[in-house]
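Here are the chains, one letter per residue:
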Amino acid sequence: MAKTIIVPLDGSDRAEGALGPAEWRARALGAELVLVTATSAVDLGPAESLLARALDRTALEGTRSEVLVGCDPGRAILDAALALPDPAICMSTRGKGALATALVGRVGLEVLAHSDLPVVLVGPAFDPTTARGGDIVVCVHDGYDAPRAHLGVECADAAGLRLHLLSVRREPAAAGTTSAAADTAQRAATGLQAHGHVAVGHDISGPDVATTIIGVVRALRPRLLVIERNAPSGRIERPLGRIGMELVRECPCAIVVEPADLSASRRPRSRRSAYA
């Protein structure tokens, strides 16, 4: 279970949009909330001032802040996170661009590509008035399991929320049959229910996977959507594929991007995720 939630800030209103989801998550998990900003300047006064303003906006007792000094903000954020107990990172994305760097930002991409930590992304379509539901939606695919260790299940357990395991296919299954992903979702739901957790399996089809998932999210109004990032492949660093980027761009709730190798020894998987 995450014990520390790190929120990278740069003084912009966009970056501070991650404070609400991060504070809720910290409360749900009983985790410490740490606000950080990275700078290479000699004068740390401006960085300390922006963190002081952000601290004034938070209501979680015990929240603290730290100025990270370094030329590479992404590396500084990762190093700081790895020095803390059981960390997860919660950060806002930059905008609505089609390219990954325009949507997530260079620092965000570096954090996603070079860490095996859970990263919570708060996208440009995040709406705090609609993301107040009592559910968590986890996207599953063939070969995927929903181990109790991952952040979505942990949040659901800690906050007493219901978990939805969602498998999405481009084409409906043939009459009288179910997809492998649907079978996986149902098995995972049954396993969680055996441990006393309420979980519901869904098997949904649609011509566009991202659009179908967003439709489910808008209908359920969950707190979180959980997806899996791509595993590293050679020299190509592409932690979010086309579907993942579309979800980040259009999702009205925060998205947990789960490490590709989380609990790898306990579940079979392909090299790439279903969100390529």
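Here is what the cut-offs are and how they apply
- Residues numbered from 1 in each chain as written.
- Predicted model: local features only at pLDDT ≥ 70, side-chain atom pairs only at ≥ 80, totals over all residues.
- Heavy atoms only, no water.
- Helix = DSSP H or I, 4+ residues; strand = E, 2+ residues; numbered from the N terminus.
- Contact = heavy atoms within 4.5 Å.
- Core = buried A, V, L, I, M, F, W, Y, C linked by side-chain atoms within 4.5 Å.
- Buried < 20%, exposed > 50% of the residue type's maximum accessible area, 1.4 Å probe, protein only.
- Polar contact = N/O pair within 3.5 Å; in protein donor to acceptor, adjacent residues only side chain to side chain.
- Pairing = 2+ DSSP bridges.

1. Details of the environment of Arg57
Moving on, step 1. Within the secondary structure, Arg57 is located in helix α3 (residues 45–57).
Moving on, step 2. Along the chain, Arg57 and Gly20 lie 37 residues apart, while their C-alpha atoms are 9.3 Å from each other.
Moving on, step 3. Those residues within four positions of Arg57 in sequence are excluded, and the remaining contacts are Glu16 and Leu19.

2. Points about the nonpolar core
Moving on, step 1. Formed by 38 residues in total, the largest nonpolar core has its most connected members in Ile89, Ile213, Leu225 and Leu247.
Moving on, step 2. Counting residues per element, this core draws most heavily on helix α9 (residues 209–220), which supplies six residues.
Moving on, step 3. Beyond its immediate chain neighbours, meaning those up to four positions away, Leu247 contacts Ala210, Ile213, Ile214, Leu225, Ile227 and Ile255.
Moving on, step 4. Core analysis: the second largest hydrophobic core is formed by 36 residues, Trp24, Leu60, Cys90 and Val226 among them.

3. Some remarks on the side chain of Thr39
Moving on, step 1. Positionally, Thr39 belongs in strand β2 (residues 32–39).
Moving on, step 2. At 3.1 Å, the side chain of Thr39 forms a polar contact with the backbone nitrogen of Ala41.
Moving on, step 3. Residues in contact with Thr39, not counting those within four places in the same chain, are Leu44, Ala47, Val67, Leu68, Val69 and Gly70.

4. Some points on helix α4 (residues 73–82)
Moving on, step 1. Of the positions making up α4, those classed as buried are Gly74, Ala76, Ile77, Leu78, Ala80 and Ala81.
Moving on, step 2. Of the surrounding secondary structure, the elements contacted by the buried residues of α4 are β1 (4–8), β2, β3 (64–69), β4 (87–92) and α6 (106–113).
Moving on, step 3. The N-cap residue of α4 is Asp72: its side-chain oxygen and the backbone nitrogen of Gly74 are 3.1 Å apart.

5. Structural notes on the pairing of strand β10 (residues 254–258)
Moving on, step 1. Counted residue by residue, β10 has five buried out of five residues, so it is predominantly covered.
Moving on, step 2. Side chains Ala254, Val256 and Glu258 project from β10 onto one buried face, and the interleaved Ile255 and Val257 project onto a second face that is buried too.
Moving on, step 3. Here strand β9 (residues 224–228) runs beside β10; their pairing, made up of five bridges, is parallel. Paired with Glu228 across the bridge in β10 is Glu258.

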